[in-house]
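Residue strings, one per chain:
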Amino acid sequence: MLEAHHFPGPLLVELANEFISAVREGSLVNGKSLELLPIILTALATKKENLAYGKGVLSGEECKKQLINILCSGRWDQQYVIQLTSMFKDVPLTAEEVEFVVEKALSMFSKMNLQEIPPLVYQLLVLSSKGSRKSVLEGIIAFFSALDKQHNEEQTGDELLDVVTVPSGELRHVEGTIILHIVFAIKLDYELGRELLKHLKAGQQGDSNNNLSPFSIALLLSVTRIQRFQDQVLDLLKTSVVKSFKDLQLLQGSKFLQNLVPHRSYVSTMILEVVKNSVHSWDHVTQGLVELGFILMDSYGPKKVLDGKTIETSPSLSRMPNQHACKLGANILLETFKIHEMIRQEILEQVLNRVVTRASSPISHFLDLLSNIVMYAPLVLQSCSSKVTEAFDYLSFLPLQTVQRLLKAVQPLLKVSMSMRDSLILVLRKAMFANQLDARKSAVAGFLLLLKNFKVLGSLSSSQCSQSLSFSQVHVDVHSHYNSVANETFCLEIMDSLRRCLSQQADVRLMLYEGFYDVLRRNSQLANSIMQTLLSQLKQFYEPKPDLLPPLKLEACILTQGDKISLQEPLDYLLCCIQHCLAWYKNTVIPLQQEEEEEEEEEAFYQALDDILESITNRMIKSELEDFELDKSADFSQSTSIGIKNNICAFLVMGVCEVLIEYNFSISNFSKNKFEDILSLFMCYKKLSDILNEKAGKAKTKMANKTNDSLLSMKFVSSLLTVLFRDSIQSHQESLSVLRSSSEFMRYAVNIALQKVQQLKETGHVSGPDGQNPDKIFQNLCDITRVLLWRYTSIPTSVEESGKKEKGKSISLLCLEGLQKIFSAVQQFYQPKIQQFLRALDVTDKEGEEREDADVSVTQRTAFQIRQFQRSLLNLLSSQEEDFNSKEALLLVTVLTSLSKLLEPSSPQFVQMLSWTSKICKENSREDALFCKSLMNLLFSLHVLYKSPVILLRDLSQDIHGHLGDIDQDVEVEKTNHFAIVNLRTAAPTICLLVLSQAEKVLEEVDWLITKLKGQVSQETVSEEASSQTTLPNQPVEKAIVMQLGTLLTFFHELVQTALPSGSCVDTLLKDLCKMYTTLTALVRYYLQVCQSSGGIPKNMEKLVKLSGSHLTPVCYSFISYVQNKSKSLNYTGEKKEKPATVVTAMARVLRETKPIPNLIFAIEQYEKFLIHLSKRSKVNLMQHMKLSTSRDFKIKGNILDMVLREDGEDENEEGTASEHGEQNKEPAKKKRKK
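Predicted model, so just to flag it, every value in this text is computed and none were measured.

*Asks:* Sorry, what's going on with the packing of helix 6 (residues 117-127) against helix 8 (residues 168-188) here?
*Replies:* Look at helix 6 against helix 8: their axes get within 9 Å of each other, and the N-to-C directions meet at 15°. It follows that helix 6 is roughly parallel to helix 8 by the angle criterion. Handedness of the crossing formed by helix 6 with helix 8: right-handed. Listed contacts from helix 8 to I117, P118, V121, Y122 and L125 of helix 6 are V174, T177, I178, H181, I182 and A185.

Written as structure tokens, this is what we have:
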């Protein structure tokens, strides 16, 4: 056969035919002979002379083409597919012939065994170097994506189906092999890589999920190993993820889109599926996964830092695409960490590097990831312990918050690894004596954490334990008895170190006092050591003689260095710590000791502490402000050293009063005398706080706003409020009347509750004991909410306020403010516990209901609460305009808004809420702009989840037009009254800006749909057969788009004729009109694309174009002239009458307003340009509805110029303006419709 090229042509044709018929009939014995066919075909291609073939005469090249065509259209036996495909690599082929072969081989995939596909793919990839790279890749990806989908359906489908086509492991191994083949081919032929990226990017034009499937994502991640494509691929995946989350956000916020777009799987779930599949030895994917995970976390982590505190991202905010993307990055890394041992070291190293090196930017998301990794496998991480100890070396340079969270995250490791614990202690001891204050605070934080977590033998059980750890993994210590003894020496050693801190700065001491209570609760055997330390510390500042006033040495708490005065001992916090530790000791330890009858001496200093607090209370009550040298005549200014000192003392005294109030309440047992003491202490606090506020008000300093955190614990606040407002036990009434008689005290109690909730909203925790424990905070929140809700609903503000006029807000109003803050805080931090929270608000009898309780849904419970607030709002609205309390109304609407988010949009309760809100807007007219704005916002936020708000927008625009009048003063506008809330005061700018922003959202949705349709069309044009079938499903979407734009068009038609006040309204309207025309242009361009395949455009599109020509473009031009006329008249009147400064600002405003005009005109002209194209292509004259645009070229009109130059008087100026604009006004004026 080496001489085959000498054979005569006809013989070659005959030989080739023999082979082909053998293949088609399946009569090949072992396929060896197929090696000869390429030689024959190659020889045939070289023949120049014409050969008789069939009935005609063809050249050798054409003959070869014909033969290949016949071969590819025949049946191939399954066992010879690979040989047949590989045979073609030796034949010189044209692009068209390669396409034949590739199509045939791809169509054989479904008929072959799974194990035979990888070698076939390999042959195809070799063949692709001759051309058809795109078809090869598309075919492979499409086949495996479909196979994956089918496989998933089988697995999630009916369990009874035993006939699973492919075992999961086998499929994944085959996919892994194929991915390796493709990556290898890309390394040799970069063109293939470019083709792959181009193919996947093209699929994303309309919809990010079109071309991505777990298989194609795994393929992309493997390609990241090729340096050249790494950045492009990761970039593509990153944008796909964020785009997917943005689409999801858009869909969730709009019922209109949900009805049109089917819900599909998202890129994020596909990526996590790849992680799951990679367990089948897909080592080539893991590196890409880790890189993608870190890129997502780096790019989309929290960005903001305020005063060293990260603004924590909360569940309610994390609906934002960026936070979703960051969370996905963390999930990818955590899951990859769990599956692949090889990569664990690297993940841990990278996380720790980021924690250590990015001290200034927020890294809470990395610390959360670290915590999850450690929780997953503390024992596994022992092998990487060197990395963690390395990170410890940087502790003294990191911000305090980072140190606390880092140590909390690695704490389970400390229980497992002694060496790690030792190295940490060394680092902390060094930090204890560092120069930087932050380093010393970090040391204290670290030591407190160790004390909390290393139990001493005999400590009480950790049922009250606040840190949720999987103790199964942490209690790895086998010799627990030995460990407890070792822990005791270890803890006492740490206590010694901490005692030294008591001589350091106030901040360091403060941390200790705040941490001791938690240590005590977790490690009760340290009680003696801790209490003794606190007692000796207190004695330094306590005046032991019982008749000396005041009882505390405040001078000793203040440090004077030259001119600089600062607080040295936070005495109030010391007392607070003592009070809480003492209360805890009395409640938990003493009852146990009484059973065991322990020796007395231990209790000596508990008694001593009790006596001291009692004595301080009595003497504080007797002390006057003069005793502290803090009466009204004292100097409190921030500029003098005496003033600063007095301020510090005043805050200390107020703090001490608060601590004593809580102490006396805890031991009072409802005794009348104790409650009188509490009131006296409060009066002392009140006098001081009034003096400070008065002085601060006079000095006009910032101090007025700066209130110190209250030292009352949240638990106490909730008990106090319950007692004040809800306690109806007969025996308590007499003593409680003491506290209830002071409305000041009751208001103070509610104010502190507000302060605590505000603190929770800002930082995610509250100050005081158990302030870091989410469960306890939640419990207290439920109790506080129950009381505030009862107080607000049973004593309305109107009743309370009519009684007595006091300055400041009424208690009911404060309760409402508290409720508003609590509802938003609960949604922010306790989303999963909403059901429990709402159940806690039900104040009805609990016994019989427990069983039924479980069936009541969140929506039903929420609807019940909503009804209470609706009643309150209706009562408010029924009052006279002058009695209308706008603050309360605003708060009520905010409460209703946050509660309505809990309603299920498909429920009848939701529809009820919507119709109620709509009714309120239709029937009530109030001039308060803020109330109106929040109410309308509520209406829109509900409406979009029910259906599209375009009709609502149209009605509102007619109301606005009616109230503000027309741009042409001669036209009388017929007043519509759809919504009473639209009146002269609220129509502009409040409601006008609101409806424009809503219209903008609708345009955004329509734009998104058009982009999606365009993407589908561009994909369909690839395969012509598909296009004829798939144009039909788009019809409902097209129809919906045209309907939306048609209604929006009438909305803009009204607004553009409205005499809007100059300013933001005009500005926004011009910008939105520009968007409207851009969207219309996008739709026209879409129909330009569709016209090629379907020919013609639907009737409703023609109507839309007609409407835009008659109702929008002409009035747009009139509006532009109106805006310019206004600016000109302002210009002329301004120059004559006003001061230069005001003229400058007026001119600046004019400039800002007229800036969008050229953009709008350009958008209109673009729209008309594409309409002309569409008219030509669709053979429909769409331009017949369009009037010729006003000529807008900028000529210098000589005659007017001369006139203006000659004029002096104002009258002539005005005539000049009128004549200049006369021409422009003529055209649109004809088109204006009379109302």
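*Asks:* Help me out: how do you make sense of the packing of aromatic side chains in this one?
*Replies:* Each pair of aromatic rings is reported with the distance of its centres and the angle of its planes. Considering all chains together, one arrives at 25 aromatic pairs under this definition. Ring geometry for Y792 versus F869: centroids 6.5 Å apart, planes at 20°, classification stacked. Of this pair, Y792 sits in helix 33 (residues 774-794) while F869 sits in helix 38 (residues 858-877); the two residues are 77 residues apart in sequence, bridging distant segments of the chain. Taken as a pair, Y792 and F869 share a single burial class, namely buried. The interplanar angle of 55° and the centroid separation of 5.7 Å between the aromatic rings of Y1077 and Y1167 together place this pair among those described as tilted. In this pair, Y1077 sits in helix 46 (residues 1064-1094) while Y1167 sits in helix 49 (residues 1156-1178), placing the two residues 90 residues apart along the sequence. Residue Y1167 is classed as buried on the basis of its relative accessible area of 1%. Its guanidinium or amino end placed over the ring of F454, K415 lies 5.8 Å from that ring's centre, counting from NZ or CZ. Between the NZ or CZ atom of R926 and the centre of the ring of F884, over which it lies, the distance is 4.4 Å.

*Asks:* Is there a simple way to explain a nonpolar patch on the surface in this structure?
*Replies:* There is a patch of nonpolar side chains on the surface, built from Y122, F184 and L188 and spanning about 330 Å² of accessible area. Assignment of secondary structure puts Y122 in helix 6.

*Asks:* Got a minute to help me understand the side chain of E1005 in this structure?
*Replies:* Along the polypeptide, E1005 turns up in helix 43 (residues 984-1020). Here the side chain of E1005 touches S254 through a polar contact of 3.3 Å, side chain to side chain.

*Asks:* Would you mind showing me how to read the pairing of strand 6 (residues 564-567) here?
*Replies:* Consecutive side chains along a regular strand alternate between the two faces of the sheet. Alignment of strand 5 (residues 558-561) against strand 6, held across 4 bridges, turns out to be antiparallel. Along strand 6, the bridge assignment pairs I558 with L567. Turn length for the strand 5-strand 6 hairpin, with the two strands adjacent in sequence and antiparallel, is 2 residues, and the turn residue G562 shows positive phi of about 65°.

*Asks:* What's the story with the state of the cysteines in this structure? I'm lost.
*Replies:* Formally, a disulfide is one covalent bond, and it connects the sulfur atom of one cysteine to the sulfur atom of another. If you walk through the whole model with that rule in mind, you get 0 disulfides. Here C576 is not disulfide-linked; the sulfur of C577 is the nearest cysteine sulfur, at 7.5 Å. With a relative accessible area of 8%, C576 lands in the buried category. Free cysteine: C684, not disulfide-bonded; nearest cysteine sulfur from C657 at 3.6 Å. By relative accessible area, which is 10% here, C684 ends up buried.

*Asks:* What exactly am I supposed to notice about the nonpolar core here?
*Replies:* One broad trend across soluble globular proteins is that nonpolar side chains are buried collectively. L498 and F869 are the most contacted members of the largest nonpolar core, which totals 385 residues. For this core, the leading source of residues is helix 46, giving 17 residues. Not counting residues within four places of it along the chain, the set of residues in contact with L498 comprises M432, V444, F447, L448, L451, L512 and F516.

*Asks:* What is the right way to read helix 20 (residues 418-432) from this model?
*Replies:* At 3.6 residues per turn, the α-helix brings residues three or four places apart onto the same side. Between its first and last C-alpha atoms helix 20 spans 21 Å; for 15 residues at 1.5 Å apiece the expected length is 21 Å, and the two agree. Turning to helix 20, its buried residues number three or more, namely M420, R421, L424, I425, V427, L428, A431 and M432. Across the axial projection of helix 20, the buried residues extend over an arc of 165°, all falling on one side. In helix 20, the exposed positions angled more than 90 degrees off the buried face are occupied by S419, L426 and K430.

*Asks:* Got a minute to help me understand the environment of E744 in this structure?
*Replies:* Residue position: E744 is located in helix 32 (residues 743-763). Remark: the alpha-carbon pair of E744 and K686, spanning 58 residues in sequence, is separated by 8.7 Å. Ignoring any residue separated from it by four or fewer positions in sequence, one finds E744 in contact with F682 and K686.

*Asks:* Got a minute to help me understand the pattern of salt bridges in this structure?
*Replies:* What the rule picks out here adds up to 34 salt bridges. Here E175 and R172 are joined by a salt bridge, their closest N and O atoms 3.1 Å apart. Pair noted here: E175 and R172 are both in helix 8, with a separation of 3 residues, about one helical turn. Take E175 and R172: they sit in the same class, and that class is buried. Here K645 makes a salt bridge to E555, at a shortest N to O gap of 3.0 Å. With K645 in helix 28 (residues 641-668) and E555 in the loop between helix 25 (527-539) and strand 5, the pair connects residues that are 90 residues apart, well separated along the chain. One connected set of salt bridges, linked through shared partners, spans K452, D518, R521, D770 and K776.

*Asks:* Looking at this model, I keep getting lost on the environment of V1084. Mind explaining?
*Replies:* Here V1084 lies in helix 46. Since its relative accessible area comes to 0%, V1084 is described here as buried. As a C-alpha pair, V1084 and M1101 span 17 residues in sequence and 8.9 Å in three-dimensional space. Apart from the residues lying within four places of it in its own chain, the contact partners of V1084 are M1101, Y1167, F1170, L1171 and L1174.

*Asks:* In this structure, what is going on with unusual backbone geometry? I would like to understand it.
*Replies:* For residues that are not glycine, phi is negative in most cases, and the peptide bond is trans in most cases. For the peptide bond that leads from L549 to P550, omega is -15°, which places it in the cis range. Residues A988 and P989 are joined by a peptide bond in cis, for which omega reads 0°. Mapped onto the elements, P989 comes out in helix 43. Of note, N669 is a non-glycine position whose phi angle comes to about 50°, a positive value. Tracing the sequence through the fold places N669 in the loop between helix 28 and helix 29 (672-699). Overall, N669 belongs to the exposed group, its relative accessible area being 69%.

*Asks:* Hey, could you run me through the confidence of the model for the protein chain in this one?
*Replies:* Any segment with low pLDDT has predicted coordinates that should not be analysed in fine detail. The pLDDT averaged across the protein chain works out to 82; a share of 83% of its residues lies at or above 70. Long-range and interchain partners of residues 306-318, a stretch whose pLDDT sits below 50, account for 25 contacts in this model, where long-range means more than four residues apart. This model gives residues 701-706 a pLDDT under 50, and the stretch forms 6 contacts once residues within four places in sequence are excluded.

*Asks:* Is there a simple way to think about helix 18 (residues 385-392) in this case?
*Replies:* Here helix 18 has its buried residues at S385, K387, V388, A391 and F392. Angular distribution of buried residues about the axis of helix 18 spans 160°; they occupy a single face of the element.

*Asks:* Would you explain the side chain of R791 in this entry?
*Replies:* Mapping R791 onto the fold places it in helix 33. Excluding residues that lie within four positions of it along the chain, R791 makes contacts with F725, E800, I811, S812 and C815.

*Asks:* So what exactly am I meant to see when it comes to the packing of helix 16 (residues 344-357) against helix 17 (residues 364-376) here?
*Replies:* A pair of packed helices is characterised by two quantities: the angle between their axes and the separation of those axes. Where helix 16 meets helix 17, the axes come as close as 10 Å, and the angle between the chain directions of the two elements is 145°. The two elements helix 16 and helix 17 meet at a crossing, and its hand is left-handed. When helix 16 is examined against helix 17, the residues R344, I347, L348, V351, L352, R354 and V355 are found in contact with a partner set consisting of F366, L367, L369, L370, I373 and Y376. Of the residues in the contact of helix 16 with helix 17, the class split is 11 nonpolar, no polar and 2 charged.

Rules used throughout
- Sequence positions are assigned chain by chain, starting from 1 and proceeding in written order.
- Under the rules for a predicted model, residues below a pLDDT of 70 receive no local features and side-chain atom pairs below 80 are neither given nor counted, while totals for whole chains, interfaces and linings still include all residues.
- Calculation of side-chain values draws on the structure's entire complement of heavy atoms; hydrogens and water are dropped beforehand.
- Between N-to-C directions, angles span 0 to 180 degrees; the directions come from axes that are lines fitted to C-alpha atoms, helices contributing only their stretch in contact.
- Counting from the N terminus, the helices are DSSP H or I runs at least four residues long and the strands are E runs at least two residues long.
- The labels follow the angle: roughly parallel below 35 degrees, roughly antiparallel above 145, roughly perpendicular from 65 to 115, and oblique for the rest.
- By convention the crossing between two helices is left-handed if the near helix lies anticlockwise of the far one by an angle smaller than a right angle, and right-handed if it lies clockwise.
- Contact definition: two residues touch when any of their heavy atoms are within 4.5 Å.
- Note on aromatic contacts: the rings of Phe and Tyr and the six-membered ring of Trp form a pair at centre separations within 6.5 Å, being stacked when their planes are under 30 degrees apart, edge-to-face when over 60 apart, and tilted otherwise.
- Here the term buried applies to any residue with accessible area under 20% of the maximum for its type, exposed to any over 50%, and partly exposed to those in between, with areas from a 1.4 Å probe on protein chains only.
- Whether a charge sits over a ring depends on NZ of Lys or CZ of Arg being within 6 Å of the ring centre and within 35 degrees of the ring normal.
- In this analysis, a patch consists of residues with relative accessible area above 30% that form no salt bridge, clustered at 9 Å for like charges and at 5 Å for the nonpolar side chains Val, Leu, Ile, Met, Phe, Trp and Tyr.
- Note on areas: Shrake-Rupley, 1.4 Å probe, and residue coverage restricted to the protein chains presented here.
- One speaks of a salt bridge when a side-chain nitrogen belonging to Lys or Arg is within 4 Å of a carboxyl oxygen belonging to Asp or Glu.
- Pairing of N or O atoms within 3.5 Å defines a polar contact, subject to two protein rules: one partner must be a possible hydrogen donor and the other a possible acceptor, and residues neighboring in sequence count only if both atoms are side-chain atoms.
- At least two bridges found by DSSP between two strands is the condition for calling them paired.
- In what follows, a disulfide is any cysteine sulfur pair within 2.5 Å.
- Only buried residues count toward a nonpolar core, which is a set of Ala, Val, Leu, Ile, Met, Phe, Trp, Tyr and Cys residues joined through side-chain atoms within 4.5 Å.
- A helix is expected to span 1.5 Å for every residue after the first.
- Arc definition: directions from the helix axis to the C-beta atoms.
- A score from 0 to 100, pLDDT tells how confident the predictor is in each residue.
- Side-chain classes follow a simple rule in which Ala, Val, Leu, Ile, Met, Phe, Trp, Tyr, Cys and Pro form the nonpolar group, Asp, Glu, Lys and Arg form the charged group, and the remainder, Gly included, forms the polar group.

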